[in-house]
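Coordinate inspection notes
So you can see what is in the structure, the chains are spelled out below.
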Amino acid sequence: MADSDYSQKDFIGEQVKHEDVVTITRVRSDRVFYRQFIRDPNQAKTSGHPRWYGDKFDLKDDQTWTEPDEVHHVPFTTKKSRQLTVTISGWKQMLMRGTKNYKMNNHPFTLLQIVVRDQERNSIWKPMWLIVIGSRRDELSLVDCYQCYRQRYDMEHLFRFGKQRLLMTSYLTPDVHHEENWFKLTLLSYVNLWAARKLAVVLPRDWEQYLKTNKSIKITPSLVQRDFSRIITTLGTFAKFPKRRGFSSGRIKGYKKAPRTRHDVIKKGSKKSTKNLKAP
């Protein structure tokens, strides 16, 4: 799952190379796609380049929309007991324009429109558009694709909490393997917070009066982390104290470590200067 920044052909064109990967990305409401052109078998073949793209499908112009291939209505209730209905419309065999490096005409996708309505059938938010692309995309229903994309919001909260409270991006190293190990450690620490959520005690700050009066407060990872030092002391550990096993011999005399490869420094420009730049 990814947001609209990853709906470009240079990202999707790399993901479709993996057979077992299905990518679900959000797209802007001003994008233009095309129906896959299917030639009539009774029509005589003509010379020249074969036609790939069919009718235009402009997301901001409903006059170009055709009847969806599938429509599903999913009712759900919000946390405040509000009754809403999600209408999921799907168009299959859609195409986007490709480039010389990415032949997107060979990779059709399913286009989804998500509309949320209240009990009076009034639309609450702007319609959300999703792309489902991959060779195994048909194994997922439209409802499954929508439910999968909703998990992206939980992932965004995880990344925010991990960066702010678990030092997810604080470890700087030139070795990718070391960085991956550190990232796994931060995820394991998050799992520990989830496992200890029932043992945590709410410790409100002086200015958090609402935590003192509300007994049914939801235990968040931040509250568990605040009380985690007490939880550790009560659980104990089976680890033994470290013992010295001799002294290291060190490097061999005359050994010279090869210098690291020097890479060019990537500098981010201002938004005005990078607005019209194209992705490589």
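Owing to the predicted nature of the structure, the values given are computational and were not obtained by experimental measurement. (Residues numbered from 1 in each chain as written. Predicted model: local features only at pLDDT ≥ 70, side-chain atom pairs only at ≥ 80, totals over all residues. Heavy atoms only, no water.)

1. A few points about the domain arrangement of the protein
Assigned domains within the protein: domain 1 (2–38 + 49–140) and domain 2 (176–235). Placing a centre on the C-alpha atoms of domain 1 and another on those of domain 2 gives a separation of 38 Å. (Domains from an automatic or database assignment.)

2. Overview of the side chain of Thr110
By the secondary structure assignment, Thr110 is in strand S6 (residues 109–117). Other than its neighbours up to four places away in sequence, Thr110 contacts Trp91, Lys92, Leu130, Ile131, Val132, Arg137, Asp138 and Leu142. (Helix = DSSP H or I, 4+ residues; strand = E, 2+ residues; numbered from the N terminus. Contact = heavy atoms within 4.5 Å.)

3. Re the side chain of Arg137
Tracing the chain through its elements places Arg137 in the loop between strand S7 (128–133) and helix H2 (142–165). It is Asp138 that comes nearest to the buried, bridge-free Arg137 among opposite-charge side chains, at 4.2 Å. Of note is the side chain of Arg137, whose polar atom sits 3.1 Å from the side chain of Gln93. Of the polar contacts made by the side chain of Arg137, one reaches the backbone oxygen of Gly134; its length is 2.9 Å. Other than its neighbours up to four places away in sequence, Arg137 contacts Val22, Gln93, Pro108, Phe109, Thr110 and Val132. (Buried < 20%, exposed > 50% of the residue type's maximum accessible area, 1.4 Å probe, protein only. Lys, Arg positive; Asp, Glu negative; His and termini not counted. Salt bridge = Lys/Arg side-chain N within 4 Å of Asp/Glu carboxyl O. Polar contact = N/O pair within 3.5 Å; in protein donor to acceptor, adjacent residues only side chain to side chain.)

4. Observations concerning the pairing of strand S4 (residues 70–77)
Relative to strand S5 (residues 83–95), S4 runs antiparallel, the two being bridged by 8 bridges. Looking across to S5, one finds that His72 is bridged to Ile88. The loop that links S4 with its antiparallel partner S5 comprises 5 residues; one of these, Ser81, has a positive phi angle of about 65 degrees. (Pairing = 2+ DSSP bridges.)

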